[in-house]
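# Coordinate analysis (summary)
If you want the building blocks of each chain, they are given just below.
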Amino acid sequence: LTIRVTSDFAFPTTAYLDRFNRPNGPIGPLWMGETTDLLIDAQAATPTGFSSWALYGLTGFGPEQEAYWTVELVSPLAQAHALLLKAQAASPDSAHIEVRHDGFGNRVFVSTLTPGVGWQNHGAPIPLQLQDGDQLGARVFSNGVVEVFRNNLLVGSRSVADWPWVANGG
């Protein structure tokens, strides 16, 4: 049982790490991963490939993390948009938590990847339909609780407490 007492339960609690407020072109040295598939266009990160991913690369983060992004335009062809938390290396095959919005089913999955084992979904999908301009966010605590937010409002939570890297940063 976890009891949390705070004076302000706002989400997000961290400032933007990158506002993409620079000229159109490559996403730049702040990011690592498949960055050739991501460009800055009109001050927004824009995927140019089918499967683009990037991690903020200037620093590692502690065992409690949050991430969020704004969906400028919801594409009916987009099968998934995801936030990665607690990534143990800059590789899509490394251990990490994924909070993935499935646009076809209008739901969010909270999953973990364990190398050599594969993907594990944690709990039932969270029903969620995103609209143009919505913000999707996630927060993970060192005890394994993952909270999912839409426009700064909590829409559901799941536990990944049995994942081996739950207490790690990334």
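Predicted model only: the values in this text are computed from it and were never measured.

## Examining the sheet that holds strand β6 (residues 65-70)
Ordered by their spatial adjacency, four strands build an open sheet running β6-β12-β13-β14, and the pairing between neighbours is antiparallel. Here the strands that pair on one side only, and so sit at the sheet edges, are β6 and β14 (153-159). Adjacent strand axes in the sheet meet at a mean angle of 15° when their direction is disregarded. Pairing analysis gives five bridges linking strand β12 (residues 135-140) to strand β13 (residues 145-150), with the strands arranged antiparallel. Among the inter-strand pairings, Gly 137 is bridged to a residue of β13, identified as Phe 149.

## Description of the pattern of salt bridges
Scanning the model with the defined rule gives six salt bridges in all. Among the ionic pairs, Glu 98 bridges to Arg 100, the shortest N-O distance being 3.5 Å. Judged by relative accessible area, which is 14%, Glu 98 ranks as buried. Owing to a relative accessible area of 22%, Arg 100 belongs among the partly exposed residues under this scheme. We note a salt bridge from Arg 139 to Glu 147, for which the minimum N-O separation is 3.4 Å.

## Side note on the environment of Ser 75
Among the structural elements, Ser 75 can be located in the loop between β6 and β7 (80-85). Here the alpha-carbon distance between Ser 75 and Gly 103, two residues 28 residues apart in the chain, equals 8.0 Å.

Analysis parameters
- Residues numbered from 1 in each chain as written.
- Predicted model: local features only at pLDDT ≥ 70, side-chain atom pairs only at ≥ 80, totals over all residues.
- Heavy atoms only, no water.
- Pairing = 2+ DSSP bridges.
- Helix = DSSP H or I, 4+ residues; strand = E, 2+ residues; numbered from the N terminus.
- Axes fitted to C-alpha atoms, helices over the stretch in contact; angles between N-to-C directions.
- Salt bridge = Lys/Arg side-chain N within 4 Å of Asp/Glu carboxyl O.
- Buried < 20%, exposed > 50% of the residue type's maximum accessible area, 1.4 Å probe, protein only.

Keep in mind that these numbers describe shape and distance, not what the molecule does.
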